[in-house]
2 protein chains.
Amino acid sequence: MNDLEEKTINSEEIFTGKVISLQVDEVKLPNGKMSKREIVKHPGAVAILPITNDKKIVMVEQFRKPLERTIVEIPAGKLEKDEEPALCAARELEEETGYECSNMEWLISFYTSPGFADEIIHLYIATGLSKKENAATLDEDEFVNIVELTLDEALNYIKEQKIFDAKTAYAVQYLQLIEEKEGK
Amino acid sequence: MNDLEEKTINSEEIFTGKVISLQVDEVKLPNGKMSKREIVKHPGAVAILPITNDKKIVMVEQFRKPLERTIVEIPAGKLEKDEEPALCAARELEEETGYECSNMEWLISFYTSPGFADEIIHLYIATGLSKKENAATLDEDEFVNIVELTLDEALNYIKEQKIFDAKTAYAVQYLQLIEEKEGK
């Protein structure tokens, strides 16, 4: 609705990096007063919920520098310029896990932090998995361990805070919902 | 696991704002090579899934400058310095919706964007809602419209991409799961 809109009066570029950039916008609020908004620009990303034929979720353990710890997540990665999300999902699945899939289905897209960032994640579910020979490999600055978990193990990882991020929590809950609907 | 750790060799402060700050860390990778990590620091936040006595979800529509549009979200807000998350949740619920609650229960905490930010959201469910007289009001630069939705309406909002953020998608799916378990 238009009555909530914040009009940009000025936009200052603060930083441009290899992943994100930062700007500070001076905005006119709905009541006519001025304020500032700190905005992180991100290219967008995909995440993949890969389910093996024996119903395990393929996840990756990786060190996340902002958290100074390793966490276990579903595979994910940034969109390259002009890259189609479904193709990016297939590429990231292969690079991070060595799997290819016969079926890749879009589930949902969501903004991760709409208060300060424009990052959007497109979440896919991948089934019909098979290990690919000579699979593409990770970027030279990425290191992961592969972990395959049952739904119950994943739920325990959430309790133990080894799984600790929004996209993975959503994905695990999605599987819970599916199993509940199927009358597990 | 330690073999994935990235050691900080140098950390450069780029920006300190009123909500976030930005630093670029030079890190030593597990293979001994060097790389850079762009890291957004955030104070952390709470989000609240408020359920009215007639089973509606109380949400707020607000303009999100990073997205240049309004979206409908569950109430949420940043932690003040040293603020207890459950108290922050009660404060934000009151400020954004005018409701107080007799029961506030923690559901899950997750990082929103572990690749580039340390923002954590603590998600609560609030029940036993009643409108508070002389409720605390929003910060002077916040403007919201209140929207009360049934679960089916919320699911439609997700399809129509009026609901479009991770915490709200998780919260709506959580309710779906509960209703499924109760054999709706």
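Residues numbered from 1 in each chain as written. Chains lettered and ligands numbered in written order. Predicted model: local features only at pLDDT ≥ 70, side-chain atom pairs only at ≥ 80, totals over all residues. Heavy atoms only, no water.

### A look at helix α3 (residues 166–181) of chain B
Residue and element names in this part refer to chain B.
At step 1: A rise of 1.5 Å per residue sets the reference length of α3, with its 16 residues, at 22 Å; its end C-alpha atoms lie 22 Å apart and thus fit the reference within 8%.
At step 2: Buried residues of α3: Ala 166, Lys 167, Thr 168, Ala 169, Tyr 170, Ala 171, Val 172, Gln 173, Leu 175, Gln 176 and Leu 177, and no others.
At step 3: Gly 183, located one to two residues past α3, shows a positive phi value of around 65°. (Helix = DSSP H or I, 4+ residues; strand = E, 2+ residues; numbered from the N terminus. Expected span 1.5 Å × (residues − 1). Buried < 20%, exposed > 50% of the residue type's maximum accessible area, 1.4 Å probe, protein only.)

### With respect to the UniProt feature "binding site: Mg(2+)" (unreviewed entry) in chain A
Residues and elements named next belong to chain A.
At step 1: UniProt records the feature "binding site: Mg(2+)" (unreviewed entry) for Ala 76, Glu 92, Glu 96 and Glu 142 in the present numbering. In sequence the annotated residues extend across 67 residues, while in space they remain close, none of their C-alpha pairs exceeding 11.8 Å.
At step 2: Counting through the fold element by element, Ala 76 comes out in strand β7 (residues 76–78).
At step 3: Among residues more than four places away in sequence, those in contact with Ala 76 are Val 46, Ala 47, Glu 92, Glu 96 and Lys 167.
At step 4: Among the structural elements, Glu 92 can be located in helix α1 (residues 85–97).
At step 5: Owing to a relative accessible area of 5%, Glu 92 belongs among the buried residues under this scheme.
At step 6: Ignoring sequence-local partners within four residues, the contact set of Glu 92 consists of Val 46, Ile 48, Ala 76, Gly 77, Lys 78 and Thr 97. (UniProt positions renumbered as here; feature names shortened; annotations may be inferred. Contact = heavy atoms within 4.5 Å.)

### Side note on the packing of helix α2 (residues 151–159) of chain B against α3(B)
The angle between the axes and the distance between the axes are what describe a pair of packed helices.
Residues and elements named next belong to chain B.
At step 1: Between α2 and α3, the shortest axis-to-axis distance is 10 Å and the interhelical angle comes to 140°. One element, α2, and the other, α3, form an angle in the oblique class. For α2 against α3, the interelement crossing comes out left-handed. Taking contact as the criterion, the partners of Leu 151, Ala 154, Leu 155 and Ile 158 in α2 are, on α3, Ala 169, Val 172, Leu 175, Gln 176 and Glu 179.
At step 2: Here the contact of α2 with α3 is composed, by residue class, of 7 nonpolar, 1 polar and 1 charged. (Axes fitted to C-alpha atoms, helices over the stretch in contact; angles between N-to-C directions. Parallel < 35°, antiparallel > 145°, perpendicular 65-115°, else oblique. Left-handed = near helix turned anticlockwise from the far one by under 90°. Nonpolar A, V, L, I, M, F, W, Y, C, P; charged D, E, K, R; others polar.)

### Brief notes about the packing of aromatic side chains
All names here are of chain A.
At step 1: By the definition in use, this model includes 4 aromatic pairs over all chains.
At step 2: Ring plane angle 65° and centroid distance 5.6 Å describe the contact between Phe 110 and Tyr 170, whose orientation is recorded as edge-to-face. Of this pair, Phe 110 sits in strand β8 (residues 99–111) while Tyr 170 sits in helix α3 (residues 166–181), and the two are 60 residues apart along the sequence. Taken as a pair, Phe 110 and Tyr 170 share a single burial class, namely buried.
At step 3: Cation over ring: Lys 131 sits above Tyr 99, and NZ or CZ is 4.4 Å from the ring centre. (Phe/Tyr/Trp six-rings, centres within 6.5 Å; stacked < 30°, edge-to-face > 60°. Lys NZ or Arg CZ within 6 Å of the ring centre and 35° of its normal.)

### Examining the sheet that holds strand β9 (residues 120–131) of chain A
Residue and element names in this part refer to chain A.
At step 1: Taking strand neighbours across the sheet as the criterion, the 4 strands line up as β7-β4-β9-β8 in an open arrangement whose pairing is mixed. The outermost strands of the open sheet, each flanked by one partner alone, are β7 and β8. In this sheet, adjacent strand axes meet at a mean angle of 25° when their direction is disregarded.
At step 2: As judged from the 11 bridges shared by β8 and β9, these two strands associate in the antiparallel manner. Paired with Ile 108 across the two strands is Leu 123, which belongs to β9. (Pairing = 2+ DSSP bridges.)

### Re the relation of the copies chain B and chain A
At step 1: Between chain B and chain A, the superposition needs a rotation of 180° and an axial shift of 0.0 Å, giving an RMSD of 0.0 Å. Such a combination of rotation and displacement between the chain copies is what one expects of a two-fold axis.
At step 2: Of the interface residues in chain B, 100% have counterparts in chain A that sit at the interface too, so the contact is made through matching surfaces. (Least-squares fit on C-alpha atoms with pLDDT ≥ 70 in both.)

### Points about the interface of chain B and chain A
At step 1: Facing the 72 residues of chain B at the interface are 72 residues of chain A.
At step 2: Surface buried jointly by chain B and chain A totals about 6,200 Å² across both partners, of which 65% is contributed by carbon and sulfur atoms.
At step 3: The tally of links between chain B and chain A comes to 2 salt bridges.
At step 4: Two residues, Asp141(B) and Arg37(A), come together in a salt bridge whose shortest N-O distance is 3.3 Å.
At step 5: Remark: the boundary between chain B and chain A carries 28 residue pairs in polar contact (both at pLDDT 80 or more).
At step 6: Of the residues forming the side of chain B that touches chain A, the biggest block, 10 residues, is contributed by α3(B). (Buried area = accessible area lost by both parts, 1.4 Å probe. Salt bridge = Lys/Arg side-chain N within 4 Å of Asp/Glu carboxyl O. Polar contact = N/O pair within 3.5 Å; in protein donor to acceptor, adjacent residues only side chain to side chain.)

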